[in-house]
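The lines below spell out each chain.
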Amino acid sequence: ETEVVQAQLQVDEDAEVEEAGGGDEKSSAEYVAVQRPTNEEADADAQADGEEEAKPKKTTVVEYTAPVDMVGMIKVEPLEYTLEQFESALLVYLNDNTEKEENKQNESEAFMDAFCDSDVQRYIEEEQKAVNVIGGGGGADGDATKLRSSRMSGGKSTGPIVGQSVDVYQMQKNESNVEEDEWTEFLASKKTTKNLPELGTQICRSPVEALTEEEAEYQVEVIKRVYRKYIVFQFIVAQSIPSQLITDVYVDLDYNESNIFSVTAPIIKANGEHGIALTVIERGDPAGDEDEYYVLGKYECQLKFIVKDDNEDAQYDEGYEDEYNLQEIEMRHRDYVYAASGDDLLSTKVFKEKWQSFSKEEQDGKKGVLSAFKALQPAVNFLVQRVGLSAVEESNVVDED
């Protein structure tokens, strides 16, 4: 313990404090707190060392300078987001949880988690993904063993000028080309795997979603792939601890509504390469309960693996089991939607005819705000990416006038 032997307030009448709104001259206050050992501690140290006089320990000085009119006030750190972003994230939170209340299967999960900073940060990340060019991509002739995601590989994505018209769904298609090539190759290599059922034809897939923080030692991303009978979670896993390698890597998904199949990544080293692990859940009967066929909600998951030393004897090392908590995986309505392309695209006339043919019972709506955007074009880009649809005849392009 130490005792404060000096604490004084010094007022410097000549100090100048320039504020953001003007250049007024004001006095400043300086707090000085000097700490040193108590007499009892010093005497005890002296006896222990056989010294006649106690030698004082090194003095620590803590100083803080602030304007006089701020003395006594509590310092509050500024928020990392704007009020508009907070309001938008809150609306998304309310809408998502209201949907859960209306969905009998997920009713118990509605408003289970309180609204917090992580919800705002998640909204900001999704907003930024819509403004920036998604992915940065790379050519199809890139090294298939290297990480595709710029976030996992440390690369930088280049984005359009804010306000510029962006064909978001076309960018998603271009970005996925390399990923789909790798996916096709991966499935071909797993044809004899017992734990992987015959999937059939893929209906749609989601963009890449991160399940870990950027600075985490273990990096995990997921692509959600929808098939008629199954939902496949493709986990892209990397690790950055040079002294170790991880084996038998898989993701344990907290889902018990139907059968689950897992395919492990055999080995992952800390050399910039990644491994692929799969978790496959079986969908319900499409002619039966809709809630069982369309899996919706958030599900906890853990990365599980065996840790071994990365050396020549690794193959003889039994290692030890370890796990790493991941962010929740969320299945949304948009995960079952894919953007139209080619001959499936409709003209404005045909679209209006089909739209007007729907009865009110077949229509549904959802309200939200896009107040975080300062211009209309980025807001439109975000909306297209958010719902995963294709715009009719370039109706996503905002007229500059």
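What you see is a predicted model, and the numbers here were worked out from it, not measured in a lab.

### Focus on the overall build of the protein
(1) Moving on: Across its full length, the protein carries 8 helices and 15 strands.
(2) Moving on: Expressed as a percentage of its 401 residues, the buried residues of the protein come to 34%.
(3) Moving on: The long-range fraction of contacts in the protein, counting pairs at least 24 apart against all pairs at least 6 apart in sequence, stands at 67%.
(4) Moving on: Total accessible area on the protein is roughly 25,800 Å²; 48% of this is exposed by carbon and sulfur atoms.

### Topic: the packing of aromatic side chains
(1) Moving on: Under the defined criterion, the tally for this structure stands at 16 aromatic pairs.
(2) Moving on: Linked through ring pairs, Y81, F86, Y93, F111 and F115 together constitute an aromatic cluster.
(3) Moving on: For R283, the ring lying beneath its charged end belongs to Y293, and the centroid distance is 3.7 Å.
(4) Moving on: Positioned above the aromatic ring of Y294, the side-chain terminus of R283 is 5.4 Å from the ring centre.

### Re the pairing of strand 6 (residues 218–227)
(1) Moving on: Extensive coverage of strand 6 is indicated by the burial of 10 of its 10 residues.
(2) Moving on: Neither face of strand 6 is exposed, since Y218, V220, V222, K224 and V226 on one face and Q219, E221, I223, R225 and Y227 on the opposite face are all buried.
(3) Moving on: Two strands pair when backbone bridges link them, and strand 4 (residues 202–205) and strand 6 are joined in this way by 3 bridges, in the antiparallel orientation. Residue pairing across strands places Q202 opposite Y227, the latter belonging to strand 6.
(4) Moving on: Here strand 5 (residues 209–210) pairs with strand 6 via 2 bridges, running antiparallel. Paired with E209 across the strands is V222, a residue of strand 6.
(5) Moving on: Two elements, strand 6 and strand 7 (residues 230–239), share 9 bridges in a ladder whose sense is antiparallel.

### Topic: unusual backbone geometry
(1) Moving on: Even without being a glycine, E393 presents a positive backbone phi close to 45°.
(2) Moving on: Relative to the helices and strands, E393 resides in the segment after helix 8 (376–387).
(3) Moving on: Even without a glycine there, the phi angle at E394 is positive, about 60°.
(4) Moving on: Residue position: E394 is located in the segment after helix 8.
(5) Moving on: Given the relative accessible area of 61%, E394 is considered exposed.

### Quick notes on the nonpolar core
It is characteristic of soluble globular proteins that their nonpolar side chains tend to be buried jointly.
(1) Moving on: F233, F235, V249, L253, L303 and I329 are the most contacted members of the largest nonpolar core, which totals 30 residues.
(2) Moving on: With near-sequence residues (within four places) excluded, V249 lies in contact with V237, V263, T264, A265, I268, A277, L303, K304 and F305.
(3) Moving on: One finds L199, Y230, V232 and L278 within the second-largest nonpolar core, a separate group that totals 11 residues.

### Here's the deal with the pattern of salt bridges
(1) Moving on: Evaluation of the coordinates by the stated rule reveals 9 salt bridges.
(2) Moving on: With its nearest N and O atoms 3.0 Å apart, the salt bridge here joins E179 to R205. With E179 in helix 5 (residues 168–189) and R205 in strand 4, this pair connects stretches of sequence that are 26 residues apart.
(3) Moving on: We note a salt bridge from D335 to K224, for which the minimum N-O separation is 3.0 Å. Placement of the pair is D335 in the loop between strand 15 (329–331) and helix 7 (348–356) and K224 in strand 6, with a sequence separation of 111 residues.
(4) Moving on: Residue classification places D335 among the buried residues on the basis of a relative accessible area of 3%.

### As for the environment of Q121
(1) Moving on: Take Q121: it is sitting in helix 3 (residues 117–131).
(2) Moving on: Between the C-alpha atom of Q121 and that of A89, which follows or precedes it by 32 residues, the distance is 8.4 Å.
(3) Moving on: When residues no more than four places from it in sequence are discounted, the contact partners of Q121 are E80 and Y81.

### Re the sheet that holds strand 8 (residues 244–253)
(1) Moving on: Reading across from one edge, 10-8-13-14 is the order of the 4 strands in this open sheet, with antiparallel pairing throughout. In this open sheet, the two edge strands, each paired with only one partner strand, are strand 10 (265–269) and strand 14 (320–325). For this sheet the average axis-to-axis angle between neighbouring strands, irrespective of direction, equals 35°.

### So, the pairing of strand 7
(1) Moving on: Burial within strand 7 is extensive, with 10 of its 10 residues counted as buried.
(2) Moving on: Across the two faces of strand 7 the burial is the same, with Y230, V232, Q234, I236 and A238 and I231, F233, F235, V237 and Q239 all buried.
(3) Moving on: Linking strand 6 to strand 7, which pair antiparallel, is a turn of 2 residues.

The rules behind the values
Within every chain, residues take consecutive numbers counted from 1 along the sequence as written. Where totals are concerned, whole chains, interfaces and linings use all residues; where local detail is concerned, this predicted model gives features only for residues with pLDDT of at least 70, and gives and counts side-chain atom pairs only at 80 or more. Side-chain measures here rest on the full set of heavy atoms in the structure, leaving out hydrogens and waters. We count a stretch as a helix when DSSP gives it H or I for four or more residues in a row; a strand needs E for two or more, and each element gets its number in order from the N terminus. Only protein chains enter the accessibility calculation, which uses a 1.4 Å probe; a residue whose area is less than 20% of its type maximum is buried, one above 50% is exposed, and one in between is partly exposed. Residue contacts are counted whenever heavy atoms from the two residues lie within 4.5 Å of one another. Method for areas: the Shrake-Rupley scheme with a 1.4 Å probe, in which residue coverage is limited to the protein chains shown. Two rings belonging to Phe, Tyr or Trp (six-membered ring only in the last case) form a pair when the distance between their centres is within 6.5 Å. Interplanar angles under 30 degrees mark stacking, angles over 60 mark edge-to-face geometry, and anything in between is tilted. Each ring is checked for a lysine NZ or an arginine CZ that lies within 6 Å of its centre and within 35 degrees of its normal; such an atom marks a charge sitting over the ring. DSSP calls a pair of strands paired once it identifies at least 2 bridges connecting them. Throughout, nonpolar core names a set of buried Ala, Val, Leu, Ile, Met, Phe, Trp, Tyr and Cys residues whose side chains join them through atoms within 4.5 Å. What makes a salt bridge here is a side-chain nitrogen of Lys or Arg within 4 Å of a carboxyl oxygen of Asp or Glu, nothing more. Interaxial angle, 0 to 180 degrees, is taken between N-to-C directions of lines fitted to C-alpha atoms, where a helix line uses only the stretch in contact.

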